[in-house]
Amino acid sequence: MKSKRPVALLIIAIIFLLAGVGLLAVRSNQTHETTTQAQTLSDWAHGSSGLLKVMVSYPTDLLVNQSNTVTLTFESDNTLEQNLNSGYVFDAEFDASGSVITPRKRILTPLERGRHKISWEIVPFATFDMGGVIKMALGDNNLSGTYAISPQVTFEMPFQLRKSINQHTLLVVGLVLIGLALLLLLVFFLKKKTYQPKS
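All of the points below concern the structure found in this document. (Residues numbered from 1 in each chain as written. Predicted model: local features only at pLDDT ≥ 70, side-chain atom pairs only at ≥ 80, totals over all residues. Heavy atoms only, no water.)

**Brief notes about the sheet that holds strand β9 (residues 130-139)**
Note the following rule: Pairing between strands is defined by DSSP: at least two bridges between them are needed. Helix numbers and strand numbers start at the N terminus; a helix is a DSSP run of H or I with at least 4 residues, a strand a run of E with at least 2. Think of each axis as a best-fit line through the C-alpha atoms, taken over the contacting stretch in the case of a helix, with angles from 0 to 180 degrees between the N-to-C directions.
Pairing in this open sheet of 5 strands is mixed, and the strands run β3-β10-β9-β5-β7 from one edge to the other. Edge positions in the open sheet fall to β3 (61-63) and β7 (106-110), since each of these has one partner strand only. Going across the sheet, the axis of each strand differs from the next one's by a mean of 30°, ignoring polarity. Note that strand β5 (residues 89-96) and β7 share 5 bridges and pair antiparallel. Bridging across to β7, Asp91 finds its partner in Leu108.

**What about the side chain of Asn68?**
Test applied: Exposure categories follow from relative accessible area, calculated using a 1.4 Å probe and restricted to protein chains: below 20% of the type maximum is buried, above 50% is exposed, and the middle band is partly exposed. Whenever two N or O atoms come within 3.5 Å, that pair is a polar contact, provided that in protein one can donate a hydrogen and the other can accept it, and provided that, for residues adjacent in sequence, both atoms are side-chain atoms.
Counting through the fold element by element, Asn68 comes out in strand β4 (residues 68-76). Assessed through its relative accessible area of 1%, Asn68 is described here as buried. Within the structure, Asn68 has its side chain in polar contact with the backbone oxygen of Gln66 (distance 2.7 Å).

**Side note on a nonpolar patch on the surface**
Inclusion rule: Patch membership requires over 30% relative accessible area and the absence of a salt bridge. Like charges are linked within 9 Å, and nonpolar side chains (Val, Leu, Ile, Met, Phe, Trp, Tyr) within 5 Å. Exposure was quantified through the Shrake-Rupley algorithm and a 1.4 Å probe, taking into account, for residues, occlusion by the shown protein chains and nothing else. Every case where a carboxyl oxygen of Asp or Glu lies within 4 Å of a side-chain nitrogen of Lys or Arg is listed as a salt bridge.
Where nonpolar side chains cluster on the molecular surface, the patch consists of Val172, Val176, Leu180, Leu183, Leu186 and Leu190 and spans about 510 Å² of accessible area. With a relative accessible area of 36%, Leu180 lands in the partly exposed category.

**Re the sheet that holds strand β6 (residues 99-102)**
Read across the sheet, 5 strands follow the order β1-β2-β4-β8-β6 without closing on themselves; strand pairing throughout is antiparallel. The open sheet is flanked by β1 (34-42) and β6, the only strands paired with a single partner. Adjacent strand axes in the sheet meet at a mean angle of 20° when their direction is disregarded. Relative to β4, strand β2 (residues 51-59) is paired through 6 bridges, and the arrangement is antiparallel.

**Topic: the side chain of Ser76**
Cut-off, in case you're wondering: Contacts between residues were defined by any pair of non-hydrogen atoms, one from each residue, lying within 4.5 Å.
Take Ser76: it is sitting in strand β4. With relative accessibility at 5%, the residue Ser76 sits in the buried group. When neighbours within four sequence positions are excluded, Ser76 is seen to be in contact with Leu51, Leu52, Lys53, Glu81, Leu84, Leu111, Glu112 and Gly114.

**Some remarks on the pattern of salt bridges**
Under the criterion given, the structure shown has 5 salt bridges. A salt bridge links Arg113 to Glu81; its shortest N-O distance comes to 3.7 Å. Taken together, the residues span a long stretch of sequence, with Arg113 in the loop between β7 and β8 (115-124) and Glu81 in helix α2 (residues 78-82) at a distance of 32 residues. With a shortest N-O distance of 2.6 Å, Arg106 and Asp91 are connected by a salt bridge. Placement of Arg106 in strand β7 and of Asp91 in strand β5 is noted, with a sequence separation of 15 residues between them. Taken as a pair, Arg106 and Asp91 share a single burial class, namely buried.

**A word on the layout of surface pockets**
To be explicit about the condition: The method works on a 1 Å grid over the protein atoms by themselves. A cavity is a set of points holding a 1.4 Å probe that cannot get out, a pocket is an open set with protein on both sides within 12 Å along at least five of seven lines, and residues with an atom within 4 Å of a point line them. Grid points are joined across faces, edges and corners, and a volume is the space filled by probe spheres set on the points. In this classification, Asp, Glu, Lys and Arg are treated as charged, Ala, Val, Leu, Ile, Met, Phe, Trp, Tyr, Cys and Pro as nonpolar, and every other residue, Gly included, as polar.
Its volume calculated, the largest pocket comes out at about 180 Å³. As for the largest pocket, its lining consists of 16 residues, of which Asp91, Ala137, Gly139, Leu143 and Ser150 are closest to the centre. With 3 residues, β9 is the single largest residue contributor to the lining of the largest pocket. Across the lining of the largest pocket, the residue classes break down as 7 nonpolar, 7 polar and 2 charged.

Here it is in structure tokens:
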């Protein structure tokens, strides 16, 4: 009488393997779709005809209770760059209801040559879709942030919220399942060899 091959091990191994690969695929697909907006700020501080070019990049979907990055890139045009010795401060304030924003909502940056970036981390705790706004102004060296910002231009950003599974948990569970699947496959082939019917 022929011994039955341990087919159950093979089935369980395949299930574990598919589940592990599926979890890793879910983890890799939890990416942010980002969009951008652009504006220019005129030189109200010293009255030159120069412009500050500003662009914001942000995710349209925010992961609830996780950190999401909003990045502001700014660069002087040639005219403004030639006048930087007069002294400028770029004033930007980011706000969004139902969220925690770090390092701080308002950031003042002395304007220098070249392209520069500032970033905020936003962690939403609200359960409803919300919007964010970035207010921006270009001032002289006397701008200290003591008073409320007087924005020249603003970015308005609608956000949709979605829940996500912890990335680390997905990685660990996915790798454990794949490891178990490989172990079961090894056991299956060893048993299959052991149970080979003798001729």
